[in-house]
Amino acid sequence: MKIAVIGGGASGLTAAIAAAKNGAEVTIYEKMNRVGKKILATGNGRCNYTNMNLSFECYHSNNLKLAETALNFFDLNKTLTFFEDLGIHPYVDESGKVYPNSLQASSILDVLRYEASRLKVEEKTDFNVTGLRKNKDKFSIIGNDTITADRVILSTGGKASPQLGSDGRGYEIAKSFGHEIIEPYPALVQLKLSGRYFKRIAGIRFDGIVKACAGENLIREEEGEILFTDYGVSGPPILQISRKVIGELNNKNKTYLFIDMFPNYSKSELYDILQDRFRRVGYKTMEDGMIGFINKKLIPVILYEAGFGDLNKQCGNLNKKDIYKIIDILKEWRFEVTGYNSWSQAQSTAGGVKLSQVNPKTLESLKVKGLYFAGEILDVDGDCGGFNLQWAWSSGYTAGYFCSII
Ligand SMILES: Cc1cc2nc3c(=O)[nH]c(=O)nc-3n(C[C@H](O)[C@H](O)[C@H](O)COP(=O)(O)OP(=O)(O)OC[C@H]3O[C@@H](n4cnc5c(N)ncnc54)[C@H](O)[C@@H]3O)c2cc1C
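What you are looking at is a predicted structure, and each value in this text was computed from that prediction instead of being measured. Numbers given for residues are sequential positions, taken from 1 along each chain in its written order. At least 70 in pLDDT is required for a residue's local features to be given in this predicted model, at least 80 for side-chain atom pairs to be given and counted, and no such filter applies to totals for whole chains, interfaces and linings, which use all residues. To get the side-chain values, take all heavy atoms of the structure and skip hydrogens and water.

Student: What is the right way to read the packing of aromatic side chains from this model?
Tutor: Describing an aromatic ring pair means giving the distance of the ring centres and the angle of the ring planes. Ring pairs shown here join Phe, Tyr and Trp side chains whose ring centres sit within 6.5 Å, with only the six-membered ring taken for Trp; geometry is labelled stacked below 30 degrees between planes, edge-to-face above 60, and tilted in between. Throughout the structure, instances matching the rule amount to 24 aromatic pairs. An aromatic cluster is built from Tyr49, Phe74, Phe82, Phe83, Trp393 and Tyr397, whose rings are joined through pairwise contacts. Two conditions define a charge sitting above a ring: the NZ of Lys or the CZ of Arg must be within 6 Å of the ring centre, and it must be within 35 degrees of the ring normal. Taking the ring centre of Tyr271 as reference, the NZ or CZ of Lys320 above it sits at 5.6 Å. Residue placement shows Arg334 over the ring face of Tyr256; its charged tip is 4.1 Å from the ring centre.

In structure tokens, the structure reads:
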């Protein structure tokens, strides 16, 4: 049986291997000049390929229940074994994120390509698939050439990071067979915030807590390294909350971030520290009196935000109310979210091919027999931390396995 895998990313490579193991004749059609370009960019070049704390709560979809079968079919243990069998020794960090012990994303791509080639999977790169047709029992894959196949796996990814190949073309192919697409939007992306001073504080990093609120309601809270940028904020906790925040923005809800720059201190502990500090350096201006406590570039910004127009006021003259005004900013700095970065900065796609139009067990289309889906093209996305690649492996293996059973 001839199987065409359209898109040689994480899910497509896994699907190709699973299908070839079942004896199918598999060809991957990849529009870039090599397969797996996005894999090389994952995990800052280290590839966080799964997570020991895998759970369904880390996934999002309009019909998540339908993704569970694939996640169970090729679960965490099967994924770890699959990669160990290919030569990947796992390195697990303190939070449960799993990387290859080499800490090189290229190791993951190397072993997948090696296995695919061992199983005689053919790679056709620089092959941009522009359309797909079905005539009787055969598919015609239209691109640089027109090729026929018995079954097709569509694994073209979503729209995140189109510079790495995934530009949303797969949605058009799915639509041509009557599939509906849940409107995609960037997930795991940096947020733009209101404020005139971001250029001055860009580059400052700290370990903090970010709370995202839609109006008054807390929608997600995350902790970790936060980075101020010239447009707003970035860093793992920001990426993590971005999906919920963008969902609210898309619904035209006002959304705010509250940033705690001192998560290890209560307000009253901070008060004791600042009061003692201002007593010791009471002869200095407020601006000078904060040097050595927070990043110097932040000092005037924090003091203005706290409502002080005159930064030359002496530290020794600050009363309890004044000190609490500073603490309120350090512990609960409030920003309105005004937008988010573009697809080219996003790591994942929310939305995609509707799961209710796909057989949840096999990932075969319910609209056209012989067409299967795998990976980010489907309406499933995961949190930051290895969950998106896990979905790519799970859905890829599922589609490849069932597609190749006669
Ligand atoms: C910078 C970055 C870092 C990330 N880090 C992590 C991480 O550490 N851990 C994690 O779990 N997830 C991470 N992700 C997310 C993860 O990489 C993706 O969710 C995953 O790669 C999706 O796999 P996929 O096979 O569905 O799609 P993709 O990997 O996007 O692959 C789709 C492939 O299809 C090809 N293609 C598209 N259209 C066509 C066409 N018309 N014809 C032929 N070929 C086509 C593309 O060129 C591409 O090679 C990261 C993403 C980015 C951008």
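From this point, the narrative continues.
Student: For this particular structure, what's the right way to read the sheet that holds strand β7 (residues 122–124)?
Tutor: Remark on secondary structure: sheet strands pair via backbone hydrogen bonds, oriented parallel or antiparallel. Pairing is parallel across the open sheet formed by 5 strands, whose spatial order is β7-β2-β1-β11-β20. Looking at which strands have only one partner, the edges of the open sheet turn out to be β7 and β20 (371–373). Each strand axis lies, on average, 20° off the axis of its neighbour in the sheet, ignoring direction. The pairing criterion is simple: DSSP has to find at least two bridges between the two strands. Each helix is a run of H or I in the DSSP string that is no shorter than four residues. Each strand is a run of E no shorter than two, and both are numbered from the N terminus. One ladder, built from 3 bridges, connects strand β2 (residues 25–29) with β7; its direction is parallel. What sits directly across from Thr27, in β7, is Glu122. Lines are fitted to the C-alpha atoms to define the axes, a helix being fitted only along its stretch in contact, and any angle between axes, read from their N-to-C directions, falls within 0 to 180 degrees.

Student: Looking at this structure, I do not really get the sheet that holds strand β9 (residues 138–142). What am I missing?
Tutor: Pairing is antiparallel in the open sheet, where 3 strands are placed in the order β8-β9-β10. The outermost strands of the open sheet, each flanked by one partner alone, are β8 (131–135) and β10 (146–149). On average, adjacent strands in this sheet sit at an angle of 25° to one another, irrespective of strand direction. One ladder, built from 4 bridges, connects β9 with β10; its direction is antiparallel. Of the residues in β10, the one forming a bridge with Phe139 is Ala149.

Student: Can you walk me through the pattern of salt bridges in this structure?
Tutor: Here the idea is simple: oppositely charged side chains can pair when their charged atoms come close. Any Lys or Arg side-chain nitrogen located within 4 Å of an Asp or Glu carboxyl oxygen qualifies as a salt bridge. Following the criterion strictly, the structure yields 19 salt bridges and no others. Asp383 is paired through a salt bridge with Arg220; the nearest N and O atoms lie 3.1 Å apart. One end of the pair, Asp383, is in the loop between β21 (381–382) and α13 (387–403); the other, Arg220, is in strand β15 (residues 217–228), with 163 residues separating them in the sequence. For the pair Asp383 and Arg220, one class covers both residues: buried. One network of salt bridges, in which partners are shared, links Arg220, Glu222 and Asp383. Buried, partly exposed and exposed residues are distinguished by accessible area as a fraction of the type maximum, computed with a 1.4 Å probe on protein chains only: under 20%, between the cut-offs, and over 50%, respectively.

Student: Hey, could you run me through the site of the ligand in this one?
Tutor: Surrounding the ligand, one finds 34 residues, the nearest of these being Ser11, Glu30, Lys38, Glu376 and Leu389. In protein, a polar contact means a hydrogen-donor-capable atom and an acceptor-capable atom, both N or O and within 3.5 Å, with residues adjacent in sequence counting only if both atoms are side-chain atoms; elsewhere, any N or O pair within 3.5 Å suffices. At 2.6 Å, a side-chain N or O of Glu30 approaches an oxygen atom of the ligand. Asn48 places a polar main-chain atom, nitrogen or oxygen, 2.9 Å from a nitrogen atom of the ligand. Contact with the protein chains covers 94% of the free accessible surface of the ligand, which is 1,000 Å². Where the shell around the ligand is concerned, the elements lending two or more residues are α1 (10–21), α2 (37–41) and α13. Among the elements that make up the shell around the ligand, the one with the highest residue count is α13 (4 residues). For the shell around the ligand, the residue count by class is 11 nonpolar, 18 polar and 5 charged. In this text, near means that some heavy atom of the residue lies within 4 Å of the molecule or strand in question. Per-residue and other accessible areas follow the Shrake-Rupley method at a 1.4 Å probe size, with only the shown protein chains counted as cover for residues. When residue character is reported, Ala, Val, Leu, Ile, Met, Phe, Trp, Tyr, Cys and Pro are called nonpolar, Asp, Glu, Lys and Arg charged, and the others, Gly included, polar.

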